[in-house]
Amino acid sequence: MAEAIQIHVNGDPRDVRADATVGDLLRELAIKTERVAVEVNLEILDRKEFDQRSLKQGDRVEILSFIGGGAPLDMYGRGRRGFVHAE
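Along each chain, the written sequence defines residue order, and numbers are assigned to residues from 1. In view of the model being predicted, local features appear only for residues whose pLDDT reaches at least 70, and side-chain atom pairs are presented and counted only at 80 or more, with totals across whole chains, interfaces and linings using the full set of residues. Values reported for side chains reflect all heavy atoms of the structure, with hydrogen atoms and water molecules removed beforehand.

A. Highlighting the overall build of the protein chain. Helix numbering and strand numbering both begin at the N terminus, where a helix is a DSSP run of H or I of at least 4 residues and a strand a DSSP run of E of at least 2. Within the protein chain, the regular secondary structure consists of one helix and six strands. For the protein chain, with 87 residues in total, the buried portion stands at 33%. Put simply, of all contacts in the protein chain between residues at least 6 apart along the chain, 41% involve residues at least 24 apart. In this scheme, a residue with accessible area under 20% of its type's maximum is buried, one over 50% is exposed, and one in between is partly exposed, where area comes from a 1.4 Å probe on protein chains only. Here, residues are in contact when the closest pair of their heavy atoms is within 4.5 Å.

B. Here's a closer look at unusual backbone geometry. Positive phi, normally seen in glycine, also occurs at A30, with a value near 55°. Mapped onto the elements, A30 comes out in the loop between α1 (22–28) and β3 (36–40). Assessed through its relative accessible area of 68%, A30 is described here as exposed. Positive phi is not limited to glycine here, since L42 has a value of about 75°.

C. The pairing of strand β5 (residues 60–66), seen in detail. Two strands form a pair only when DSSP identifies at least two bridges running between them. As paired elements, strand β1 (residues 4–9) and β5 share two bridges and run parallel to each other. Paired with H8 across the strands is R60, a residue of β5.

D. Fine view of the environment of V22. Within the secondary structure, V22 sits in helix α1. In this structure, V22 is in contact with V38, V40, L45, F50, R53 and L55, ignoring residues within four places of it in sequence.

E. Geometry of the pattern of salt bridges. Definition used for salt bridges: Asp or Glu carboxyl oxygen within 4 Å of a side-chain nitrogen of Lys or Arg. Inspection of every chain in the model, using the stated rule, returns six salt bridges. The partner of R17 in a salt bridge is D24, and the shortest N-O contact between them spans 3.2 Å. Between D59 and R53 there is a salt bridge whose closest N-O contact spans 3.5 Å. Residue D59 is classed as buried on the basis of its relative accessible area of 5%. Residue R53 is classed as buried on the basis of its relative accessible area of 17%.

F. A look at the side chain of N10. Checked against the element boundaries, N10 lands in the loop between β1 and β2 (12–17). A distance of 2.7 Å separates a polar atom in the side chain of N10 from the backbone nitrogen of I63. Throughout this description, a polar contact denotes any pair of N or O atoms lying within 3.5 Å of each other; where both atoms belong to protein, one of them has to be capable of donating a hydrogen while the other can accept it, and for residues adjacent in sequence the pair is counted only when both atoms sit in side chains.

G. Just the side chain of R53, in detail. Position of R53 relative to the elements: it lies in the loop between β4 (43–44) and β5. Looking at R53, its side chain comes within polar contact range of the side chain of D59, at 3.5 Å. Contact partners of R53, with chain neighbours within four places excluded, come to A20, T21, V22, V40, N41, L45 and D59.

Here is the structure:
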């Protein structure tokens, strides 16, 4: 990887390219954008911003997937009020 920065994704440290966008991160994680919400440093992004929002050193990114039916659970099996963290 060329020059890298460290961010946190759903609480876990992760290295990404210094010029990466939120869209790049989602593609790297193989996450489709149709049913996710992304928050960067407590700001919820509009999907149109994913490919324009640059990531910066220390950014905290939360990726949440919408689910239908049943009780929503996060990746640890805890309830998440209609969302689950994307893996």
